[in-house]
Structures are given as structure tokens and as C-alpha cells.
Amino acid sequence: MKIYIDGIFYDKKDAKISVLDHGLLYGDGVFEGIRAYNGLVFKLEEHIDRLFESAKSIMLTIPMTKKKLIEATILSLRENGLKNGYIRLVVTRGVGDLGLDPRKCRNATIIIIADKIALYPKTFYQKGLEVVTVATPRNLPEALNPQIKSLNYLNNILAKVSAINSGVEEAIMFSWDGHVAECTGDNIFVVKNGELCTPPVYLGILNGITRQVIIGIARKNKFPCTEKILTRHDLFIADEVFLTGTAAEVIPVIKIDSRPIGTGKPGRITRELMREFHALTKKEGVRYSVK
Ligand code: PMP
């Protein structure tokens with residue numbers, strides 16, 4: 001595996017950064033997870049735009065233009081001979097001293113890791129995923145807005161630990177005042193009486209790119225789809241629930257807190273959206289060739 005660090009490709013064993021990088025010391029940095037399907041990078045520009053917005057929000061200057069970063073991302077896929085893959089783009093504040101002061105970090109570090117990914121086994125997509133609700137609320141947007149895809153994922157990791165301790169893979173997180181927010185690495189949708197609902201971004205969630213794609217597909221297919229406040233009760237009485245994310249794609253949820261959702265099987269609308277999503281990944285994206 002070849003990993004890109006600041007313009008150079010290194011073998012995995014040699015791909016190293018300084019222990020004084022503030023990405024490591026403080027989680028001071030931003031990232032993106034991007035996916036390529038059969039030689040097409042899905043929603044590449046949207047991911048790059050979000051990366052730059054995350055960086056802007058924390059006053060981190062990415063020392064590269066969007067165009068060059070897109071080229072470097074594609075080069076990473078080609079360098080690794082990947083027609084299908086997952087790309088992790090990371091920009092850290094760079095090397096500084098032991099204080100917090102970001103001004104001491106002269107140059108941001110850019111890292112691109114291109115690899116294969118299978119977040120969940122295939123059976124989860126066919127049979128559905130079991131999840132739990134957890135006590136850890138999502139970060140307060142006024143404190144650390146979840147719209148910033150920052151390297152500080154401890155809030156999500158704490159929720160993930162609770163899920164693992166409960167014997168499942170994913171956790172549903174709430175806002176501080178008890179409204180459904182999102183999962184540790186995915187957005188959430190509820191289907192009730194043929195209508196799709198998903199929490200609004202202002203509540204304090206990441207505006208997932210897959211979430212936006214699903215809203216687009218739903219509206220095109222004439223499924224009513226609204227962004228609205230949801231409670232635990234709305235989850236329990238839903239006909240269908242599913243999660244969306246670049247890594248997870250679209251995955252049905254069949255149990256929440258041991259309660260079956262709807263029929264306890266992946267629902268019709270979820271399955272249709274999964275099909276439509278996969279069809280889109282086959283035809284849309286930035287094309288590249290692999291040697
Ligand atoms: N929420 C969180 C907290 C995430 O980390 C992610 C994935 N990185 C998502 C939602 C899904 O976003 P996207 O569809 O852009 O991958």
C-alpha cells in the first residue's frame with residue numbers, strides 16, 4: 001500500500017508523521033472519507049468542498065488548491081491500483097510544540113490513504129443491522145459543531161463503545177435535549193406511512209453526503225422526504241429505519257434497543273433506495289483509469 005504524505009508516496013511501513021503533529025496531540029485537523037466504485041470517484045467534489053469548509057471553520061489553511069487535492073486523491077487510487085476503494089483524506093494542523101497554539105504549526109500535513117473497505121459483512125445489508133440508543137449525546141453544535149468533520153471523534157467513539165458493550169455495532173446518538181441526531185459514523189432515516197424523515201442539520205449532525213444523495217433520490221422517486229425533529233418514540237413506531245454513510249452506504253436497521261422495527265426485516269422503501277443508490281454509484285462520479 002502506498003500512502004501519500006505531503007506530496008510523496010511512502011510504503012505503508014514508512015508512512016509516518018511527527019509525534020508533535022497537532023493532529024495527534026490535539027485532534028486538531030479535519031478529514032474526509034471518499035469512495036470509488038469501478039473507476040468512478042463518487043461525489044468527489046462534494047467531499048473536497050466539505051473538507052475545505054471544515055478547515056475554514058477551524059481556521060486551518062489547506063496548502064493545496066481543490067483541483068490539486070482532487071488530482072492527488074485520484075493519483076492515490078491509481079498508485080494503489082484500486083478501481084474500487086475507500087480514500088481517507090486527512091489534513092492536520094501540522095507539527096507544532098507542546099502548547100495548543102496553532103500558530104506554532106507552520107505547515108499543515110496532508111495525508112491520503114487509499115484502501116479497500118467492507119464496513120459490515122454482506123449479511124447485515126441483506127438481513128439488517130441491530131443498533132442501540134446511547135446515553136452519550138452528540139456534541140453541542142455551539143461547542144464543536146458536528147458539521148466540522150474534525151479529527152476529534154471521541155464523542156462518536158464513546159457512543160461506539162456503548163454500542164459494542166451492548167453487543168451491537170452501531171449507536172444512535174441524540175442531541176442534548178433528547179432528539180434523534182445521528183449515528184457514530186452514519187446519518188439516520190425513518191420511514192413512516194410511506195414518508196421519509198431525517199433529523200435536520202441545525203440539530204447538530206454531520207450533513208452527510210450520502211444523506212443528501214438519498215434525499216435527492218427519494219424526492220426524484222416521489223417519496224415525500226422531510227427533515228424533522230424525531231424522538232425515540234418515532235424510532236420505535238417506525239415502519240423502517242436505515243442508516244447512510246460513505247463507508248456504510250445504505251444499511252437497513254431491523255432492531256433498536258432489542259425492539260423489532262416494523263416487520264423486523266429490511267423494508268420495501270429501504271431496499272428500493274439501496275438499489276437506486278448502487279445504480280447511481282455505477283454511473284456518476286469522477287472517472288479515472290488504473291494501470
Ligand atoms: N455522521 C457522521 C458522524 C459521520 O462520521 C459520517 C461519515 N463520515 C456520516 C454521518 C455520513 O456522512 P457521509 O455520507 O458524508 O459519509
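Fair warning: this is a prediction, and the values are worked out from it, not measured in the lab.

Describing the site of the ligand
Taken together, 18 residues form the shell around the ligand, and within it K149, Y153, E182, T210 and T246 come nearest. One nitrogen or oxygen atom from the side chain of K149 is found 2.4 Å from a nitrogen atom belonging to the ligand. Bound to the protein, the ligand loses 95% of the 390 Å² it would expose on its own. At the level of secondary structure, the elements contributing two or more residues to the shell around the ligand comprise β9 (180-183), α6 (209-220) and β13 (240-245). The residue inventory of the shell around the ligand, partitioned by class, reads 4 nonpolar, 9 polar and 5 charged.

Considerations on the sheet that holds strand β16 (residues 286-287)
Taking strand neighbours across the sheet as the criterion, the 7 strands line up as β2-β1-β6-β5-β3-β4-β16 in an open arrangement whose pairing is antiparallel. This sheet does not close on itself; its edge strands, each paired only once, are β2 (8-11) and β16. In terms of strand pairing, strand β3 (residues 29-37) meets strand β5 (residues 85-92) through 8 bridges, oriented antiparallel. Counterpart to V30 in the pairing with β5 is V91. The sheet strands contacting helix α2 (residues 44-57) are β3, β4 (40-42), β5 and β16, and the helix crosses β3 at an angle near 175°.

Quick look at the domain arrangement of the chain
Domains assigned within the chain are domain 1 (2-115) and domain 2 (122-280). Centre-to-centre separation of domain 1 and domain 2, based on C-alpha positions: 26 Å. Contacts between the two partners involve 24 residues from domain 1 and, on the opposite side, 17 residues from domain 2. Note on domain 1 versus domain 2: buried area summed over both sides is about 1,600 Å², and carbon and sulfur give 66% of it.

Describing the environment of N38
Inspection of the secondary structure puts N38 in the loop between β3 and β4. Sequence spacing of N38 and G178 is 140 residues, and the spatial spacing of their C-alpha atoms is 41 Å. Once residues lying within four places of it in the same chain are set aside, the contact partners of N38 are K83 and N84.

Focus: the state of the cysteines
Scanning the entire structure with this criterion turns up 0 disulfides. For C183, which is in no disulfide, the shortest distance to another cysteine sulfur is to C197 and amounts to 16 Å. Judged by its relative accessible area of 1%, C183 falls in the buried class.

A look at the packing of α6 against helix α8 (residues 268-283)
α8 packs onto α6 with a crossing angle of 110° between their chain directions and a minimal axis gap of 10 Å. Relative to α8, α6 is oriented roughly perpendicular. For the crossing formed where α6 meets α8, the hand is right-handed. Side by side, α6 and α8 meet where T210, V213, I214, I217, A218 and K220 of the first sit next to L273, E276, F277 and L280 of the second. Its residues placed into classes, the contact of α6 with α8 shows 7 nonpolar, 1 polar and 2 charged.

Side note on the packing of aromatic side chains
Under the defined criterion, the tally for this structure stands at 7 aromatic pairs. A centroid spacing of 5.6 Å and a plane angle of 90° characterise the contact between F42 and F277, whose relative ring orientation is edge-to-face. Residue F42 is found in strand β4, and its partner F277 is found in helix α8; the two are separated by 235 residues along the sequence. Accessibility assignment for this pair places F42 and F277 in one class, buried.

Basis of the calculations
- Residues numbered from 1 in each chain as written.
- Predicted model: local features only at pLDDT ≥ 70, side-chain atom pairs only at ≥ 80, totals over all residues.
- Heavy atoms only, no water.
- Near = heavy atom within 4 Å.
- Polar contact = N/O pair within 3.5 Å; in protein donor to acceptor, adjacent residues only side chain to side chain.
- Areas by Shrake-Rupley, 256 points an atom, 1.4 Å probe, with all protein chains shown as cover.
- Helix = DSSP H or I, 4+ residues; strand = E, 2+ residues; numbered from the N terminus.
- Nonpolar A, V, L, I, M, F, W, Y, C, P; charged D, E, K, R; others polar.
- Pairing = 2+ DSSP bridges.
- Contact = heavy atoms within 4.5 Å.
- Axes fitted to C-alpha atoms, helices over the stretch in contact; angles between N-to-C directions.
- Domains from an automatic or database assignment.
- Buried area = accessible area lost by both parts, 1.4 Å probe.
- Disulfide = S-S within 2.5 Å.
- Buried < 20%, exposed > 50% of the residue type's maximum accessible area, 1.4 Å probe, protein only.
- Parallel < 35°, antiparallel > 145°, perpendicular 65-115°, else oblique.
- Left-handed = near helix turned anticlockwise from the far one by under 90°.
- Phe/Tyr/Trp six-rings, centres within 6.5 Å; stacked < 30°, edge-to-face > 60°.

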